[in-house]
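Residues per chain are reported as follows:
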Amino acid sequence: MAYITRTSVCLPNAPVENDAMEAVLGQIGPRPSRARRLVLRANGIRRRYYVIDPATGEPTHSNASLTAEAIKGLAGGDFALEDIDCLVCGTSSQDQMLPNHAVMVHGELGTPACEVVATAGVCLSGVTALKYGWMAVKGGDARHAVATGSEVASLVLRASNYSAEQPQDVAALETHPELAFNQEFLRWMLSDGAGAWLIEPAPRRGLNLRIEWIDLFSYAHEYPACMYMGAEKQADGRLRGWMSYPASEREAANVFAVKQDVRLLNEAMIDACVRPIQQVMAQRGLAADDVDWLLPHMSSEHFRSLLAEGLKRADLPIPEERWFTNLASAGNTGSASVYIMLDELVRSGKVKDGQHLLCFVPESGRFSSGFIYLTATMHA
């Protein structure tokens, strides 16, 4: 057995309300964004967090230090950070290409030698980190594993990384809000945060979450890349990575911008949800009555109805009153989102002994999905 015995979150600085976003990230060109309100109306986010100091424009945290702060929140009672024997960190926005994110977090913590592993990817990298830590504990290789998901997206979203000539087709956005992905969706969507979970072989006093199973599915053999960075998509759909560009051409090609293939996303969204849900149902015998709480990672409220439709098509019609998401108040923090959601739900007191939680994390990088199935257990 393996249990999530403690959770912790670090959301940097004061929350940033919608009207303050452009002041923090910077204005592109001579006029304020005309598309921002339309994008925010579609994604439903009201506030988010940035590592950027609004007074100076400089970062207050690195990804590694933000993650370390989340981990420090796990300590207390009879658990000390020095007890960690397996540290697994997932992110899509590590501070540098090398060394890997996890060893940088370990360096920030300054704790004794232990097994340290980094998992890469997009939103799913937090789930893969959890799966490694879970397997290490379940297999007897670790007694105190810590898994994390974290993102520092705001530094990429600063105005200095964008062209002042970026088009803003507001009329098209009014008719088709999803087209905002092509222009400014990611800028007004992504935010910063880190979460950490302690995984142990036995429950602690209070509420624990027993990890029943974690399933991951990739459909990259059927779909091209949809969300990507450090590359440019070619006419044949293949990615040309940044290393193949001469240094003089990288800026002109906008290689390091985060990009989303909107047409592909909208064409594949339902199928990319339905198929993995059906697969996990067949594999695990899962039914709607087996889920007391669904924690879906949604990049935007725009996708809520599509997810509900996908669940219905898959014959897993979990009513929305059993969903929990804090997208509106915490923003889209990518790999950290599931960590931040679960932490808030557990602290709310709504989770009761014996209830079952299903975390669903889809990723549009090349269409992958992850599922975490938990059972709440109270221990005296």
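The structure this text deals with has already been given above.
Residues numbered from 1 in each chain as written. Predicted model: local features only at pLDDT ≥ 70, side-chain atom pairs only at ≥ 80, totals over all residues. Heavy atoms only, no water.

**Student:** Just checking my understanding: could you explain the environment of Asp290 for this structure?
**Tutor:** Along the chain, Asp290 turns up in the loop between α10 (262–284) and β13 (293–296). Residues in contact with Asp290, not counting those within four places in the same chain, are Gly285, His356 and Tyr373. In terms of polar contacts, Asp290 uses its side chain to reach the backbone amide nitrogen of Ala287, at 2.8 Å. (Helix = DSSP H or I, 4+ residues; strand = E, 2+ residues; numbered from the N terminus. Contact = heavy atoms within 4.5 Å. Polar contact = N/O pair within 3.5 Å; in protein donor to acceptor, adjacent residues only side chain to side chain.)

**Student:** Is there a simple way to explain the sheet that holds strand β8 (residues 206–218) in this structure?
**Tutor:** Hydrogen bonds along the backbone pair up the strands of a sheet, which may run parallel or antiparallel. The nine strands are arranged β5-β4-β6-β7-β1-β8-β15-β14-β13 in an open sheet whose pairing can be described as mixed. Two strands close off the open sheet at either side, each with one partner strand: β5 (115–119) and β13. Mean inter-strand twist for the sheet, computed between neighbouring axes without regard to direction, equals 25°. Relative to strand β7 (residues 193–200), strand β6 (residues 145–151) runs antiparallel, the two being bridged by seven bridges. (Pairing = 2+ DSSP bridges. Axes fitted to C-alpha atoms, helices over the stretch in contact; angles between N-to-C directions.)

**Student:** Quick question: what am I supposed to make of the side chain of His101 here?
**Tutor:** The residue His101 is located in helix α4 (residues 101–109) in this model. Residue His101 is classed as buried on the basis of its relative accessible area of 2%. A polar contact is formed between the side chain of His101 and the side chain of Asn63, at a distance of 3.5 Å. Of the polar contacts made by the side chain of His101, one reaches the side chain of Thr67; its length is 3.4 Å. (Buried < 20%, exposed > 50% of the residue type's maximum accessible area, 1.4 Å probe, protein only.)

**Student:** How should the packing of α10 against helix α11 (residues 304–313) be read in this particular structure?
**Tutor:** The interhelical angle for the contact between α10 and α11, taken along N-to-C directions, is 40°, at an axis separation of 9 Å. On the basis of the axis angle, α10 is oblique to α11. For the crossing formed where α10 meets α11, the hand is right-handed. In this structure, α10 contributes Met269, Ile270, Cys273, Val274, Ile277 and Gln278 to the contact, and α11 contributes Leu306, Leu307, Glu309, Gly310, Leu311 and Arg313. Classifying every residue of the contact of α10 with α11 by side-chain character gives eight nonpolar, two polar and two charged. (Parallel < 35°, antiparallel > 145°, perpendicular 65-115°, else oblique. Left-handed = near helix turned anticlockwise from the far one by under 90°. Nonpolar A, V, L, I, M, F, W, Y, C, P; charged D, E, K, R; others polar.)

**Student:** What should I look at first to understand a nonpolar patch on the surface in this one?
**Tutor:** A surface patch of nonpolar side chains, amounting to about 450 Å² of accessible area, comprises Met97, Leu98, Met229 and Phe256. Tracing the chain through its elements places Met229 in the loop between β9 (227–228) and β10 (231–233). Judged by its relative accessible area of 43%, Met229 is partly exposed. (Patch = residues over 30% accessible without salt bridge, like charges linked within 9 Å, V, L, I, M, F, W, Y side chains within 5 Å. Areas by Shrake-Rupley, 256 points an atom, 1.4 Å probe, with all protein chains shown as cover. Salt bridge = Lys/Arg side-chain N within 4 Å of Asp/Glu carboxyl O.)

**Student:** When you look at the packing of aromatic side chains in this model, what are you seeing that I'm missing?
**Tutor:** Centre-to-centre distance and the angle between the planes together describe a pair of aromatic rings. Applying the stated criterion across every chain yields a total of five aromatic pairs. Ring centres of Phe217 and Phe371 lie 6.1 Å apart, and the angle between their planes is 70°; on these two criteria the pair is classed as edge-to-face. In this pair, Phe217 sits in strand β8 while Phe371 sits in strand β15 (residues 368–379), placing the two residues 154 residues apart along the sequence. Taking the relative accessible area as the measure of exposure, Phe371 reaches 1% and is therefore buried. Centre to centre, the rings of Tyr223 and Phe367 are 4.8 Å apart; their planes meet at 50°, and the pair counts as tilted. Of this pair, Tyr223 sits in the loop between β8 and β9 while Phe367 is found in the loop between β14 (356–363) and β15, placing the two residues 144 residues apart along the sequence. Aromatic rings pair up to connect Phe217, Phe360 and Phe371 into one cluster. The ring centre of Tyr245 lies 3.9 Å from the NZ or CZ of Arg240, which sits over that ring. (Phe/Tyr/Trp six-rings, centres within 6.5 Å; stacked < 30°, edge-to-face > 60°. Lys NZ or Arg CZ within 6 Å of the ring centre and 35° of its normal.)

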